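# Structure assessment
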Amino acid sequence: MTTDQTMPGLLGEPVALRAALKLYPARYRRERGDELTAVFADSTAESGKLATAREALDLGAYGLRMRTGLTSSSTTGRLFALAAPLIAGAIAGVGLARGVYDAVTPGWTSMWDAPDRLGHIPGYLWYVGQVFVPLLLVAAVLAGRWRLARTAGLAVASVGALGVAWAAVAMSGGWGVFLQSAEATPALFAGLLFALAPQELLERPGRREWALVVAGLAGGALVLAAEDFYSSFVLMDGTGAAVLLLLPLFALLFAVRGRLLLPAAVGLAVLPLTLMFSLFRLWQVTGGTMKLLPWALGVATVMVLLGMVLDRTRTGAGGDRSLA
């Protein structure tokens, strides 16, 4: 009689390896656990603690990718890889547009004014970071240094997280926190989305990648202009908010059933820039969360139904084509 062994080689293995293997689906651990353990042992045989920890982190990260469908063979993984240059360009475009706007707008308190109090330093670091850190991401992408680019993506996300934390501490009242954090979440979401792209699908950039980065730069600046640089003057414009939210959402449907089209990648790149501020504007127009919730459920239902229809249509047409 055999037992169902979900963790091959469990006893005597390093804690980091055991933790990494637990992140894989149980069936995969049963089938490939011994092989993963052997490869890990070979690759870390002469390594120090830091290199071993990094290897375990990479091993665990791939396990999470398998659980979430973000592998190089999945539709989602290929979509993230296709969108990666656009995401980098778009978040850099937002930062550059913000810096230029503040520099030429008379009387606007901006990154060009150094903080005059100690408590303002975190907000200032976030403000400057959202302009310059995405440029490092773009530079790494155009150089084809994808490991460095992933690190830069996480740095962009950290800048966004700093902005959200600063808003929570510095702003008084939920309205002010929501408004200020909506300006920080684009960097947070875009950085995380970029870091999730499967690195094995990211090849040395050619003309297409350069074109996507440039298009992203222009698109990010245009999106920020459409949001009037997070001005309170557009907070009652529910129509504009709906357009900036729904268009990228429905563009993602072009990735239904593995058929990757550029609109889906554009939607994935634009959505982090518009999600929170558009939701804030719609929340303001509708009059609160409970009044906004039925609309959100309605949009989700329509998207699911359209996805099912498109999926069935393409199945009937015999197409599982990828244009990426």
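In this text, all values refer to a predicted model and were calculated from it rather than measured experimentally. (Residues numbered from 1 in each chain as written. Predicted model: local features only at pLDDT ≥ 70, side-chain atom pairs only at ≥ 80, totals over all residues. Heavy atoms only, no water.)

## Some words on helix α2 (residues 26-43)
Selection rule: The quantity called bend is, for any residue, the angle between two axes fitted respectively to the seven residues ending at it and the seven beginning at it. We count a stretch as a helix when DSSP gives it H or I for four or more residues in a row; a strand needs E for two or more, and each element gets its number in order from the N terminus. By definition, residues are in contact when any of their heavy atoms lie within 4.5 Å.
Of all the bends in α2, the largest measures some 70° and sits at arginine 32. Next to the buried residues of α2 lie α1 (15-21) and α3 (49-68).

## A word on a nonpolar patch on the surface
Test applied: The patch calculation keeps residues exceeding 30% relative accessible area without a salt bridge and links them within 9 Å when they carry like charges or within 5 Å when they are nonpolar (Val, Leu, Ile, Met, Phe, Trp, Tyr). To measure how exposed things are, a 1.4 Å probe is used in the Shrake-Rupley method; for residues, cover is taken only from the protein chains shown. Salt bridges are identified by distance alone: a Lys or Arg side-chain nitrogen within 4 Å of an Asp or Glu carboxyl oxygen.
A surface patch of nonpolar side chains, about 240 Å² in accessible area, is lined by Leu96, Phe132 and Leu135. Here leucine 96 is to be found in helix α4 (residues 75-104).

## What about the packing of helix α8 (residues 207-226) against helix α10 (residues 262-286)?
Helix-helix packing is characterised by the crossing angle of the two axes and by the distance between the axes. As a reminder, the rule being used: The angle between two axes is taken between their N-to-C directions and runs from 0 to 180 degrees, where each axis is a line fitted to C-alpha atoms and a helix contributes only its stretch in contact. With respect to orientation, any angle under 35 degrees is reported as roughly parallel, any angle over 145 as roughly antiparallel, any angle of 65 to 115 as roughly perpendicular, and every other angle as oblique. For a crossing to be left-handed, the near helix must be turned anticlockwise from the far one by less than a right angle; the clockwise case is right-handed. Residues are grouped as follows: Ala, Val, Leu, Ile, Met, Phe, Trp, Tyr, Cys and Pro are nonpolar; Asp, Glu, Lys and Arg are charged; every other residue, Gly included, is polar.
Packing of α8 against α10 brings their axes to within 11 Å, and their N-to-C directions diverge by 20°. Here α8 is positioned roughly parallel relative to α10, judged by the angle of their axes. Along this stretch, α8 crosses α10, giving a crossing that reads as right-handed. When α8 is examined against α10, the residues Leu212, Gly220, Val223 and Ala226 are found in contact with a partner set consisting of Leu262, Val270, Leu273, Thr274 and Arg281. Across the contact of α8 with α10, the residue classes tally to six nonpolar, two polar and one charged.

## Things to note about the packing of aromatic side chains
To keep things clear, this is the line we draw: Side-chain rings of Phe, Tyr and Trp, where Trp is taken by its six-membered ring, are said to pair if the distance between their centres is within 6.5 Å; with planes under 30 degrees apart they count as stacked, over 60 as edge-to-face, and otherwise as tilted.
For the coordinates displayed, the defined rule picks out 10 aromatic pairs. Clustering of aromatic rings is evident, with ring pairs tying together Trp175, Phe178, Phe280 and Trp283.

## Observations regarding the side chain of arginine 65
Note the following rule: Residue burial is assigned from relative accessible area. The probe radius is 1.4 Å, only protein chains are included, and a residue is buried under 20% of its type maximum, exposed over 50%, and partly exposed in between. Here Asp and Glu are counted as negative and Lys and Arg as positive; His is not counted, and neither are the chain ends. Nitrogen and oxygen atoms within 3.5 Å of one another constitute a polar contact, given that in protein one can donate a hydrogen and the other can accept it, and given that sequence-neighbouring residues count only through two side-chain atoms.
Of note, arginine 65 is situated in helix α3. Put simply, arginine 65 is tucked away with no salt bridge, and the nearest opposite charge, on glutamate 200, sits 6.0 Å away. Separated by 3.3 Å, the side chain of arginine 65 and the backbone oxygen of alanine 195 make a polar contact. Dropping the residues within four chain positions of it, arginine 65 is found in contact with Leu70, Thr71, Arg150, Ala195, Leu196, Ala197 and Pro198.

## A short note on the confidence of the model for the chain
Our working definition: Note on scores: pLDDT gives the predictor's confidence for each residue, bounded by 0 and 100.
In the predicted model, the chain carries a mean pLDDT of 85, and 87% of its residues have values of at least 70. Put simply, helix α11 (residues 289-316) is where the chain has its lowest mean pLDDT, 80, and α8 is where it has its highest, 96. Across residues 1-12, where pLDDT falls below 50, the model places 14 contacts with residues more than four positions away in sequence or in other chains. Low pLDDT, under 50, characterises residues 318-324; the stretch is placed with 13 contacts to residues that sit more than four places away or in other chains.

## Describing the environment of proline 122
Of note, proline 122 is situated in helix α5 (residues 121-142). Measuring from C-alpha to C-alpha, the distance between proline 122 and alanine 167 comes to 9.9 Å, with 45 residues separating the pair along the chain. Here proline 122 is in contact with Leu162 and Trp166, once residues within four sequence places are set aside.

## Overview of the nonpolar core
Stated formally: By nonpolar core we mean a set of buried residues, namely Ala, Val, Leu, Ile, Met, Phe, Trp, Tyr and Cys, connected to one another through side-chain atoms within 4.5 Å.
Leu137, Val141 and Phe194 are the most contacted members of the largest nonpolar core, which has 54 residues in total. Sorting the residues of this core by element identifies α4, α5, α6 (146-170), α7 (174-195), α8 and α10 as the ones contributing at least two each. It is α4 that contributes the most residues to this core, 14 residues altogether. Setting aside residues up to four positions removed in sequence, valine 141 forms contacts with Pro85, Ala88, Trp146, Ala149, Phe194, Pro205 and Val213.

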